[in-house]
Amino acid sequence: MDLKKQIIETRNLFHQALSAVGTLEQLEATRVTYLGRQGTLALLTDELKKLAPEEKREVGALLNELKQEVQKLFDAKKAELETAAQREAAEQLKNFDVTAYKQRLQGSLHPYTQVIKQIEDLFISMGFVILDGKEVENDFYNFTALNIPEDHPARDMHDTFWLQTPGWLLRTHTSPVQIHAMQQRKPPIALAVNGRVYRHEATDATHDFMFMQTEGMVIDKNISLAHLISSAQHMLRVLFEKADLKFRMRPAYYPFVEPGLDIDISCPFCKSGCSICKKTGWIEAAGAGLIHPRVLQAGSIDPAVYSGYAFGFGLTRLVMFKYGIHDIRLLHSSSLDFLKQF
Ligand code: DAH
């Protein structure tokens, strides 16, 4: 058979074969038969090379036409067979990047979570229990039992969010946990609590209406200021990872302790005064003291037998100092640029 006829024959056979194709697999088999490296069209091309030059031109043009037609019909059939879903799957596979897993995004713990975990581990190692308090308290636990009776001026220092139910409020400090613990446990008691507290204040870089405190309390026979000072110092040294952190105690008034004091630490960032310590070289870390006998009584503990110490750390301040965070509002901002740093 001459080549011209073979080409026409092939064309007919291809049309027949293609009309019988119903799946992509069948289409692929047809492609191999006609367009494959050893397919019919390749064989015809080999034959073409054997022709005399003037024949070659004419038959070559025919063969070229056939090749284009076969390719075109093949493509059209393929498009028809690929459903939208299959196309999508193929597209996805094309974009699949096996190296992408190397650049997996890794999350990290919030600075609060990191410090709280550190504090909890530390107190547990000293034999304290870690308690949870309630953020909604009443007048008795937040004030009265802590020796802040009604009309006491200290109530004014706690700008309180009162709830609509009379006598109920958002706790202004973590100290109410002391009273709950005294009522529920018997001495010796050693506890620590990390929790949110609320103050009705205008918000700026150093004030927020919600912040965190760490409350600590120990009650046993013969508890003295020495116990308070040593455990508070230990905690702050571990937290700031600075063995030579210095401390300063100043007398201070809190109705629920007697004597009461403020604990300052030497500024961990400078030697001679910087913007963080307001050029004083010291940073206020906690309020503390020996538990007032009236507070022990409010918790049904006999002050003639037991004594105790308590402290309240400004957890938010400590987190800010530890990480050099200059704006308290960032801590609750959910800003990824901020969070990615930790
Ligand atoms: N509750 C105090 C406050 O919020 C802090 C404090 C001071 C807690 C002295 C104590 C303490 O346990 O003994 O300002």
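As a reminder, the structure under discussion sits directly above these lines.
The following refers to the structure shown.

Quick notes on the rules
Residues numbered from 1 in each chain as written. Predicted model: local features only at pLDDT ≥ 70, side-chain atom pairs only at ≥ 80, totals over all residues. Heavy atoms only, no water. Helix = DSSP H or I, 4+ residues; strand = E, 2+ residues; numbered from the N terminus. Rg over C-alpha atoms; globule rule 2.2 N^0.38 Å. Contact = heavy atoms within 4.5 Å. Expected span 1.5 Å × (residues − 1). Buried < 20%, exposed > 50% of the residue type's maximum accessible area, 1.4 Å probe, protein only. Arc of directions from axis to C-beta. Near = heavy atom within 4 Å. Polar contact = N/O pair within 3.5 Å; in protein donor to acceptor, adjacent residues only side chain to side chain. Areas by Shrake-Rupley, 256 points an atom, 1.4 Å probe, with all protein chains shown as cover.

### With respect to the overall build of the chain
A count of helices and strands for the chain gives 13 helices and nine strands. Taking 2.2 N^0.38 as the reference for a compact globule, 342 residues should give roughly 20 Å; the C-alpha atoms of the chain span a radius of gyration of 40 Å, well beyond that estimate. Considering only C-alpha atoms, the chain reaches an extent of 125 × 50 × 40 Å along its principal axes. Relative to all contacts within the chain whose residues are 6 or more apart in sequence, the contacts with residues 24 or more apart total 67%.

### What to know about helix α1 (residues 3-20)
Residues spaced three or four apart along an α-helix point in a common direction, a consequence of the helix completing one turn every 3.6 residues. Given a rise of 1.5 Å per residue, 18 residues ought to cover 26 Å, and the 26 Å separating the end C-alpha atoms of α1 matches this to within 8%. Inspection of α1 places Leu3, Ile7, Thr10, Phe14 and Leu18 among the buried residues, and these make up the whole buried set. Along the axis of α1, the buried residues cluster in a sector spanning 60°; they form a single face. Residues of α1 that are exposed and point over 90 degrees away from its buried face: Lys5, Gln16, Ser19 and Ala20.

### Side note on the site of the ligand
Neighbouring the ligand are 15 residues; His173, Ser175, Arg199, Gln213 and Glu215 lie closest to it. Ser175 places a side-chain nitrogen or oxygen 3.0 Å from a nitrogen atom of the ligand. Between Arg199 and the ligand, the recorded distance is 3.1 Å, taken from a side-chain N or O atom to an oxygen atom. When the free accessible area of the ligand is taken as 360 Å², the share hidden by the protein chains comes to 91%.

### Overview of helix α2 (residues 24-35)
Given a rise of 1.5 Å per residue, twelve residues ought to cover 16 Å, and the 15 Å separating the end C-alpha atoms of α2 matches this to within 8%. Of all the positions in α2, only Leu27, Thr30 and Tyr34 are classed as buried. Viewed end-on, α2 has its buried residues packed into an arc of 60°, placing them on one side of the element. In this fold, the buried residues of α2 make contact with α1, α3 (40-49) and α4 (53-81).

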